[in-house]
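# Observations on the three-dimensional arrangement
One letter stands for each residue in the lines below.
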Amino acid sequence: MSGPLAYFITFHTYGSWLHGRAEGSIDHDHRAYGQPIPIGNPRREDGNRDRLKFPAFRLDETRREAVLNSILETCRHRQWNLHALHVRQNHVHLVITSPNTAPEKVLRDIKAYATRHLRRQNLLAKEASAWSEHGSTRYLWAEDQVAEKCGYTLHEQGAPVQHWPA
């Protein structure tokens, strides 16, 4: 079998999804495929909040539009096939095919170029962080998985905000 058809990538804004939160979070000790997500731990979440170097970052409408445009530009430049994209106030989902490029590099590039766009437009202070440390990079091996994640990305995120395709 050849490589995956696409990747489902999710990443959060800085300080918006801390380890220990009630909904759970994946960390270095709980990231193996199929492993259950750790339950919430309010003390851990509070400790992580206390250790933030900058205020939590949120994407208002102007910032979401800048991030969306940056991702579209990055995909065009890298010749990656973007299937679906949704930029929320505190996270981004995308379904993408990037031949010969690992999803971790896609994630790093997307975040780096989005940060650059935000800073160039004076929407992010030079010393501030926009994104969480990593993100989720899931492999999609079948057409039905790609279709399901595109549907989730575009139609199951609550009230629609900046997304592509429109």
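Up top you'll find the structure we're talking about.
Presented here is an overview of the structure given in this document. (Residues numbered from 1 in each chain as written. Predicted model: local features only at pLDDT ≥ 70, side-chain atom pairs only at ≥ 80, totals over all residues. Heavy atoms only, no water.)

### Some points on the environment of Ser16
This is how the line gets drawn: Secondary structure elements follow DSSP: runs of H or I no shorter than four residues count as helices, runs of E no shorter than two count as strands, and numbering proceeds from the N terminus.
Checked against the element boundaries, Ser16 lands in the loop between β1 (6–12) and α1 (42–50). Considering only alpha carbons, one finds Ser16 and Pro55, 39 residues apart in sequence, at a separation of 9.6 Å.

### So, the packing of aromatic side chains
Centre distance and the angle of the planes are the two values used to describe a pair of aromatic rings. To keep things clear, this is the line we draw: For Phe, Tyr and Trp, rings pair up if their centres lie within 6.5 Å, where Trp contributes its six-membered ring, and each pair is then called stacked (planes under 30 degrees apart), edge-to-face (over 60) or tilted (otherwise). Throughout this description, buried means an accessible area under 20% of the type-specific maximum (1.4 Å probe, protein chains only), exposed means over 50%, and partly exposed covers the range between. Think of it as a cone above the ring: NZ of Lys or CZ of Arg counts as a charge over the ring if it is within 6 Å of the ring centre and within 35 degrees of the ring normal.
Throughout the structure, instances matching the rule amount to 4 aromatic pairs. Ring centres of Phe8 and Tyr152 lie 6.0 Å apart, and the angle between their planes is 85 degrees; this geometry places the pair in the edge-to-face category. Within this pair, whereas Phe8 is found in strand β1, its partner Tyr152 is found in helix α4 (residues 143–155), the two being separated by 144 residues in sequence. For Tyr152, a relative accessible area of 27% puts it in the partly exposed group. On the basis of an interplanar angle of 15 degrees and a centroid distance of 5.9 Å, the ring pair of Tyr139 and Trp141 is categorised as stacked. The class for Trp141 is partly exposed, based on a relative accessible area of 39%. Joined through ring pairs, the aromatic side chains of Tyr7, Tyr139 and Trp141 make up one cluster. Geometry around Tyr152 places Lys149 over its ring, the cationic atom sitting 5.6 Å from the centre.

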